[in-house]
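What follows is the residue order along each chain.
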Amino acid sequence: MTIGMQLKKLRKETGLSVKELADRAGVSQSYIYAIESGTRGANATKLSTIAQALGVPVADLYDVYAY
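Everything numeric in this text was worked out from a predicted model, so none of it was measured. Sequence order as written defines residue numbering, which begins from 1 separately in each chain. Restriction of local features to residues with pLDDT of at least 70 applies here, the model being predicted, together with a cutoff of 80 or more for giving and counting side-chain atom pairs; totals for whole chains, interfaces and linings are based on all residues. Side-chain measures were taken over the full set of non-hydrogen atoms in the model, leaving aside hydrogen atoms and water.

pLDDT is a residue-level measure of predictor confidence that goes from 0 to 100. For the protein chain, the average pLDDT comes to 92, and 93% of its residues sit at 70 or higher. When pLDDT is averaged over each element of the protein chain, helix α2 (residues 18-25) comes out on top at 98 and helix α5 (residues 59-62) at the bottom at 89. Put simply, DSSP marks the helices as runs of H or I at least four residues long and the strands as runs of E at least two long, and each gets a number from the N terminus on.

Written as structure tokens, this is what we have:
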């Protein structure tokens, strides 16, 4: 699963619209759409901010866990 797909999944699970997430993270709606669609990447700082806005650890965006 890509970061964009995982972001969309987590956003929907938390019940946030793209606008609500963008507002919380301080980014544009088009930026969130671009990440979710895979047409744009995000740096670690932005991913951290988005994860905080979702209320999840940044590792949840990667959908990768070390056991």
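The residue Glu36 is located in helix α3 (residues 29-37) in this model. A relative accessible area of 10% means that Glu36 is categorised as buried. Every residue pair with non-hydrogen atoms within 4.5 Å of one another is taken to be in contact. For Glu36, the residues in contact, after removing those within four places along its chain, are Gly4, Met5, Leu7, Lys8, Arg11 and Val18. For each residue, the accessible area found with a 1.4 Å probe, counting protein chains only, is set against the maximum for its type, and the residue is called buried under 20%, exposed over 50%, and partly exposed in between.

Listing the buried residues of helix α4 (residues 44-54) in full gives Leu47, Ile50, Ala51, Ala53 and Leu54. Viewed along the axis of α4, the buried residues span an arc of 160°, placing them on a single side of the element. Across α4 from its buried face, at more than 90 degrees, point the exposed residues Thr45 and Gln52. Taken together, the buried residues of α4 touch α1 (3-13), α2, α3 and α5. Just downstream of α4 lies Gly55, where phi reads positive at about 80°. The arc under discussion is defined with respect to the helix axis, by the directions toward the C-beta atoms.

One side-chain nitrogen of Lys or Arg within 4 Å of one carboxyl oxygen of Asp or Glu is enough to make a salt bridge. Counted under the stated rule, the structure contains 3 salt bridges. With a closest N to O distance of 3.4 Å, Glu13 and Lys9 form a salt bridge. In this pair, Glu13 and Lys9 are both assigned in helix α1, 4 residues apart and thus about one turn of the helix distant. Glu13 sits in the exposed class, given a relative accessible area of 53%. Exposure remark for Lys9: the relative accessible area of 38% places this residue in the partly exposed category. The closest approach of N and O atoms between Asp23 and Lys19, which form a salt bridge, is 2.9 Å. In this pair, Asp23 and Lys19 are both assigned in helix α2, 4 residues apart and thus about one turn of the helix distant.

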